[in-house]
Amino acid sequence: MCLAIPGKIERIFGDSPLNRTGRINFGGVIKEASLAYVPEAVAGDYVIVHAGFALSRVDEAEAHKVFEYLKRMDEFGELAEDGP
Amino acid sequence: MKILELNGACPVPLAQYPQVLMAHGGGGTLMHQLVENIFGKEFSNPLLDARHDSAQFFVPPGRLAMTTDSYVVRPIFFPGGDIGSMSVHGTVNDLAMSGARPLYLSCAFIIEEGLPMETLWRVVCSMRDAAKKCGVQIVTGDTKVVDKGKGDGLFINTTGIGVMEHDLEISPKSVLPGDTVLVSGDLGRHGMAIMAVREGLQFESTIESDSAPVHKMVLALIKAGVEIRCLRDLTRGGLASALNEIAEVAGVKIAIDEKLIPVREDVHAACEMLGLDPLQVANEGRLVAFVAAKDAVRALAIMRRHTGGERSASIGRVMEYSLPLVTVRSAIGASRILDMPSGEQLPRIC
Amino acid sequence: MKYLDEYRDGELAQKLAVEIHRFTTRPWNIMEVCGGQTHAIVKFGIDELLPKHITLIHGPGCPVCVTPLEVIDKALELAAMPGVIFTSFGDMLRVPGSTTDLLAVKAKGGDVRIVYSPLDAVKLAEQNPAKDVVFLGVGFETTAPATAMAVFQAAQKRLKNFSMLISHVLVPPAIEALMSSPDCRVQAFLAAGHVCAVMGYEEYPPLAAKYHVPIVVTGFEPLDILQGILMCVLQLESGRAEVENQYTRAVRREGNRPAQQLVREVFHVVPRKWRGVGEIPDSGLGLNEDYAAFDAEIKFGLADHHVDEPADCLSGLVLQGQIKPHECPAFGGKCKPERPLGATMVSSEGACAAYYRYRRHNLVETNIK
């Protein structure tokens, strides 16, 4: 479960690791979330947020993999069609 | 949150009466002062100025339409509107759903003792401006004040009378298989604008309520001879509620396509964040129209020409007579039922 | 919304579905563990795109659904107390207890408030020193870091008026309990993506090996779920039983170490009763001794009591995947979302509610060409 959605960190503030808070932009809607659990995240990163906490940094390279897989399927399909 | 820009100062001497008192509803001097200086002054028109117990007027020939609604929205002021403008638009829109030209409104205020006078005045000014924009007059009213703790600030009831200058039977019973379903704009703004300022869930956004009158759009459709079968303004319960109610009365299956339903990105994002379905979220200035398929393109063009209707869209059609059912084709092409929302929309954690 | 909407692309979904059709030669039962995944499957109609051979069984991954009656009753008792501000996530408000629910208690005058984050409840406690603020801590491992931080911060701020009613549950013991039942029909799992974002997936290889089931960590959007199913099918068809990760954009093998650390600081593993399933050993979280002052059950001296589920409610069998919602005699009659017998009908993630809302009439069409 757990409804968690991706948002972009616009700004980070907070005076200690546990207080580290981000201003997160979710498609035009802004809400603050704790960044205590993603110490490596910086402004500009996307994070997955649940119940006011960022739980994970979105790995942008990995995010594209399903589309690359589908593109390869397409190309494979074309090859098969073009075959003898 | 935007508070209204007001012309001039509040006419009730605020230094003396910064808050509404029980006596302001008591029928005596204070009430007279309130009525004269706020309601009477801001809503002024010949019918109201006569100060009769009832307004007296002739009506143009044709069937009359009458509607009433009470407004209890919290907070009183929200992004894009307030309880006052909502109470005018909402009742004007209900009249418009019969294809009626709105003429006169009554308004009754139930005020909680202690409400800041300034708040009341801002709401009244907002109603004045909304009424003017809609071309309606507020011709009679009532004021009551209840004990502190018994009223949640301010409740407003408006009742409206309009005239139907057409012969159409605009009602769910007129809906036929093959009819096209149109919406007059993007969905979910009002409900999410309120959520954004609701305690416990606040978020920052530029979402504003879509509270607005739609009667001019409706009258234009009628004037153009569009065969309108049914109209419904989308309020609490959103599109889901309206379509289910209509399907129930008409005894039909309605099929809509999610990809065709306009939803703004920020409304979509807010819904995703709270786990809500935009099709079940409240609107205030949107209507769904069932029209004969042959008139759909023409109707859409007319709707898009009106302010607020720019994102009107054709979203589906009436299928066949059946057990009442509303289905939605999802983004990936499969169907599901669009159910009547049950009770208050609750944000999800899962 | 970036990293969300592109995973709802209809054309790409159809492509994945075609692939699944291509590789499926035999019937397979796949369970999606998480309620959020169930919700997506039914909302988007993902199962309609699948070959008839594939049966999706809806798992017990709905924390709202599995919260025991006893906990709900304790919540209701607390919420009705004068001087208590009772805070909760929104979807708990309609869950029925033995006799009533939080919404009804609110209507009778109880101070019940919805919050988005447990930290909001801590803030309320700071703002209302004369009142006791109680937070209903329900959720899987995904939510535990949030509730742990709330307790941790309350302790740092030395708040005397904040406490939590805990009903956290853990996923791997539930999967183990399911698999060890002789009636279990599940042959592969879509593991809960966000739970794994926190916990990682190091706990799953022993399960996959012991029961010979593929386990694929899966996200929540249509393309995620379809890809997860495809990965399960590929394993099933070739007789493999491994742990794979579909949701690589959000989940790492080791999970979120800082989150796990704070959860361990605040909580320890306890046995937990799951509504409709019964007690599963080592399947819940309870507060550590250092934080006992924040345990609402201790603070308010709530007595333990046992409550029986309504006899007509078969939510347990539904949660175990043994029957489908519409096979329950009470479905749609005695039991509906407005009048639920059990939690699987209340929460929109519950299999019964999802089925009722979206599939009741079963008038649907598939679109595979």
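Thresholds, definitions, all that
- Residues numbered from 1 in each chain as written.
- Chains lettered and ligands numbered in written order.
- Predicted model: local features only at pLDDT ≥ 70, side-chain atom pairs only at ≥ 80, totals over all residues.
- Helix = DSSP H or I, 4+ residues; strand = E, 2+ residues; numbered from the N terminus.
- Buried ≥ 20, exposed ≤ 12 C-beta atoms within 10 Å, placed from the backbone.
- Contact = placed C-beta atoms within 7 Å.
- Rg over C-alpha atoms; globule rule 2.2 N^0.38 Å.
- Pairing = 2+ DSSP bridges.
- Axes fitted to C-alpha atoms, helices over the stretch in contact; angles between N-to-C directions.
- Core = buried A, V, L, I, M, F, W, Y, C linked by C-beta atoms within 7 Å.
- Domains from an automatic or database assignment.
- Nonpolar A, V, L, I, M, F, W, Y, C, P; charged D, E, K, R; others polar.
- Arc of directions from axis to C-beta.
- Parallel < 35°, antiparallel > 145°, perpendicular 65-115°, else oblique.
- Left-handed = near helix turned anticlockwise from the far one by under 90°.
- Right-handed = clockwise from strand over helix to strand, strands pointing away.

A. Molecular detail of the overall build of chain A. Tallying secondary structure elements over chain A gives two helices and five strands in all. Overall, chain A shows an N-to-C arrangement of helices and strands of β-β-β-β-β-α-α. Counting only residues that meet the buried cut, chain A has 40% of its 84 residues in that class. Taking the contacts inside chain A whose residues are at least 6 apart along the sequence as the reference set, 26% of them involve residues at least 24 apart.

B. Examining the overall build of chain B more closely. In terms of regular secondary structure, chain B is built from nine helices and 13 strands. A compact globule built from 350 residues would reach a C-alpha radius of gyration of about 20 Å, and chain B, at 21 Å, matches this within 12%. With the principal axes as the frame, chain B shows a C-alpha extent of 65 × 55 × 35 Å. Every one of the 350 residues in chain B was classed for burial, and the buried ones make up 53%. Counting contacts in chain B only where the partners sit at least 6 residues apart, residues at least 24 apart contribute 85% of the total.

C. Structural detail: the environment of C:Val133. In this structure, C:Val133 sits in strand E5 (residues 132-139). Setting aside residues no more than four positions away along its own chain, C:Val133 makes contact with C:Ile85, C:Thr87, C:Ala121, C:Leu124, C:Ala125, C:Asn128, C:Asn161 and C:Phe162.

D. Focus on the sheet that holds strand E11 (residues 313-321) of chain B. Residue and element names in this part refer to chain B. Across the sheet, which stays open at both edges, the seven strands sit in the order E8-E10-E7-E11-E9-E12-E13 with mixed pairing between neighbours. Two strands lie at the open edges of the sheet, namely strand E8 (228-233) and strand E13 (335-337), each paired on one side alone. With direction set aside, neighbouring strand axes in the sheet form an average angle of 25°. In the sheet, strand E9 (residues 252-257) pairs with E11 via four bridges, with the strands oriented antiparallel. Note that in E11 the partner of Ala255 across the bridge is Arg317. Across the sheet, helix H9 (residues 296-304) lies against strand E7 (180-183), strand E10 (287-291) and E11, angled at about 5° from E7, the strand it touches most.

E. The nonpolar core, seen in detail. The biggest cluster of nonpolar side chains holds 265 residues, and the ones touching the most others in it are B:Ala270 and C:Ala191. Considering every element that reaches this core, the biggest residue donor is helix H4 (residues 117-134) of chain B, with 10 residues. Ignoring sequence-local partners within four residues, the contact set of C:Ala191 consists of C:Val33, C:Cys196, C:Tyr201, C:Tyr204, C:Ile215, C:Val216, C:Val217 and C:Thr218.

F. Layout of the sheet that holds strand E6 (residues 162-169) of chain C. Residue and element names in this part refer to chain C. Here six strands make up an open sheet; going across it, the order is E4-E3-E5-E6-E11-E10 and the pairing mixed. Edge strands, defined here as strands with exactly one partner in the open sheet, are strand E4 (111-114) and strand E10 (267-274). Strand after strand, the sheet turns through a mean of 25° between neighbouring axes, direction not considered. Of the pairings in the sheet, the one linking strand E3 (residues 84-88) to E4 comprises four bridges and is parallel in character. Paired with Thr87 across the bridge in E4 is Arg113. Across the sheet, helix H7 (residues 144-156) lies against E5, E6, E10 and strand E11 (278-287), angled at about 155° from E6, the strand it touches most.

G. A look at the domain arrangement of chain B. Residue and element names in this part refer to chain B. What the domain assignment reports for chain B is domain 1 (22-164) and domain 2 (172-337). Across the contact, 20 residues belong to domain 1 and 22 residues belong to domain 2. For the side of domain 1 that touches domain 2, the secondary structure elements donating two or more residues are helix H3 (83-96), strand E4 (100-112) and H4. In terms of residues, the side of domain 1 that touches domain 2 owes the most to one element, H3, which gives nine residues. Here the residues of the side of domain 1 that touches domain 2 sort into 10 nonpolar, seven polar and three charged.

H. Examining the interface of chain C and chain A more closely. Taken together, the contact pairs 37 residues of chain C with 28 residues of chain A. Mapped onto the side of chain C that touches chain A, the elements with two or more residues apiece are helix H1 (10-23), helix H2 (35-44), helix H6 (118-127), H7, helix H9 (193-199), helix H11 (222-237) and helix H12 (257-266) of chain C. Of the residues that constitute the side of chain C that touches chain A, the class distribution is 21 nonpolar, 11 polar and five charged.

I. Just helix H6 (residues 215-223) of chain B, in detail. Residue and element names in this part refer to chain B. Buried within H6 we find His215, Met217, Val218 and Leu221. Summarising the axial view, the buried residues of H6 lie within an arc of 160°, below the 170-degree limit, and thus occupy one face. For H6, the elements touching its buried residues are H3, E4, H4, E8 and H9.

J. Quick look at the packing of helix H1 (residues 29-43) of chain B against H4(B). Residue and element names in this part refer to chain B. In the contact formed by H1 and H4, the axes pass within 9 Å of each other and the chain directions differ by 15°. Taken together, the axes of H1 and H4 lie roughly parallel to each other. Every pair of crossing elements has a handedness; the one defined by H1 and H4 is right-handed. Facing H1, whose interface residues are Ile38, Phe39, Glu42 and Phe43, H4 presents Leu120, Trp121, Val124, Cys125 and Arg128. Looking at the contact of H1 with H4, its residues break down into seven nonpolar, no polar and two charged.

K. Spatial organisation of the pairing of strand E5 (residues 137-146) of chain B. All names here are of chain B. Examined bridge by bridge, E4 and E5 share nine bridges and lie parallel to one another. Looking across to E5, one finds that Cys107 is bridged to Gly141. For the crossover from E4 across H4 to E5, the handedness is right-handed.

L. Just the packing of helix H5 (residues 189-196) of chain B against helix H8 (residues 265-274) of chain B, in detail. All names here are of chain B. Closest axis-to-axis distance for the H5/H8 pair is 10 Å, and the angle between their directions is 60°. The angle between H5 and H8 places the two elements in the oblique class. The crossing of H5 and H8 is left-handed. Side by side, H5 and H8 meet where Arg189, Met192, Met195 and Ala196 of the first sit next to Val267, Ala270, Cys271 and Leu274 of the second.

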